[in-house]
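Coordinate inspection notes
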Amino acid sequence: MTDRTDVNDDPEALGLCVVANVARETGFGEGGLEIRSGLRHFAPGAKVWLAPPRWWNGNASVMVAGRHRGNSRRYVTIAVPRRALENFRVRAVHSPGLHRALGGGELWTAEDAEHYLRYWALPRLETTVQRAGEDFSRTAPSVTDPPPMELEHEGTTYYLAHFNANRARYSTLPPPVEPSPPAGD
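We now turn to the structure provided with this report. (Residues numbered from 1 in each chain as written. Predicted model: local features only at pLDDT ≥ 70, side-chain atom pairs only at ≥ 80, totals over all residues. Heavy atoms only, no water.)

1. Let's talk about the packing of aromatic side chains
All chains considered together, the criterion is met by four aromatic pairs. For the pair Phe88 and Trp120, a centre-to-centre distance of 5.2 Å together with 35 degrees between the ring planes defines the contact as tilted. Linking Phe88 in strand 7 (residues 85-93) with Trp120 in helix 2 (residues 110-120), this pair joins segments that are 32 residues apart in sequence. Centroid distance Tyr116 to Trp120: 5.1 Å. Interplanar angle 55 degrees. Geometry classified as tilted. Taken together, the residues span about one helical turn, with Tyr116 and Trp120 both in helix 2 at a distance of four residues. (Phe/Tyr/Trp six-rings, centres within 6.5 Å; stacked < 30°, edge-to-face > 60°. Helix = DSSP H or I, 4+ residues; strand = E, 2+ residues; numbered from the N terminus.)

2. Section: the pattern of salt bridges
Inspection of every chain in the model, using the stated rule, returns one salt bridge. In this structure, Glu134 engages Arg138 in a salt bridge whose closest nitrogen and oxygen atoms are separated by 2.8 Å. Classification of Arg138 as partly exposed rests on a relative accessible area of 27%. (Salt bridge = Lys/Arg side-chain N within 4 Å of Asp/Glu carboxyl O. Buried < 20%, exposed > 50% of the residue type's maximum accessible area, 1.4 Å probe, protein only.)

3. Focus: the environment of Leu151
Looking at the secondary structure, you find Leu151 in strand 10 (residues 150-153). On the basis of relative accessibility, which here comes to 15%, the residue Leu151 falls in the buried class. C-alpha of Leu151 to C-alpha of Val129: the two residues are 22 residues apart in sequence and 9.1 Å apart in space. Among residues more than four places away in sequence, those in contact with Leu151 are Thr127, Val129, Val143, Thr156, Thr157, Tyr158 and Tyr170. (Contact = heavy atoms within 4.5 Å.)

4. Concerning the sheet that holds strand 1 (residues 15-22)
The strand order 6-5-4-1-7 describes an open sheet built from five strands, whose pairing is antiparallel. Either end of the sheet is taken by a strand with one partner, and the two such strands are strand 6 (75-81) and strand 7. On average, each strand axis in the sheet is tilted by 40 degrees relative to the strand beside it, whichever way the strands run. With three bridges joining them, strand 4 (residues 47-50) and strand 5 (residues 61-67) adopt antiparallel strand pairing. Each residue of the ladder has a partner; that of Val48, found in strand 5, is Gly66. (Pairing = 2+ DSSP bridges. Axes fitted to C-alpha atoms, helices over the stretch in contact; angles between N-to-C directions.)

5. Quick look at the nonpolar core
Ranked by internal contacts, the top residues of the largest apolar core, which has 34 residues, are Phe42, Leu50, Leu85, Leu102 and Trp120. If you list the elements that add at least two residues to this core, you get strand 1, strand 4, strand 5, strand 6, strand 7, helix 1 (96-101) and helix 2. With six residues, strand 1 is the single largest residue contributor to this core. Grouped together as the second largest cluster of nonpolar side chains are nine residues, Leu125, Val129, Leu151 and Leu160 included. (Core = buried A, V, L, I, M, F, W, Y, C linked by side-chain atoms within 4.5 Å.)

6. Section: the environment of Ser142
Checked against the element boundaries, Ser142 lands in strand 9 (residues 138-144). What makes Ser142 partly exposed here is its relative accessible area of 28%. Along the sequence, Ser142 and Val48 sit 94 residues apart, while their C-alpha atoms lie 24 Å from each other. Those residues in contact with Ser142, other than ones at most four positions away along the chain, are Tyr119, Arg124, Leu125 and Thr127. Within the local environment of Ser142, its side chain forms a polar contact with the side chain of Tyr119, the two groups lying 3.0 Å apart. (Polar contact = N/O pair within 3.5 Å; in protein donor to acceptor, adjacent residues only side chain to side chain.)

Given below as structure tokens:
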């Protein structure tokens, strides 16, 4: 599936890592309407190396190592929103400095890297669901972008109530039906 350098074929490699580029434009602020060029610490298109996740949190944010926008010599490790990254792929790590910036421990296994690449290949939105009569929302699994009109979660059907560049919100209330125009008009 991916064009990757296999560690077994490269004796100098320290391990495999998922690599991505910082998106040219990213949406931030209320509803994702503020468009920025790259990220605060990384220029648009910058190559970043993703540290293997230590636990599953839906990966709204990921730890990355890359060369800082203002200093191209040293690697910095920073948590960034995953939605601000694109062009995921697998590459071999050769630099001891990069290996240290990624935590210095075990890197990605080929199977884990392929699994995450398939998951991250689709744009995703954070999702909340709310039942009628409840004053609070529950977190639900992320959905693709654009979000589906209906969502099945824990045996209940939810309908899309609102979405923006960052998240989708669902409700058990069905969408309103527009009245049909009178036959004479």
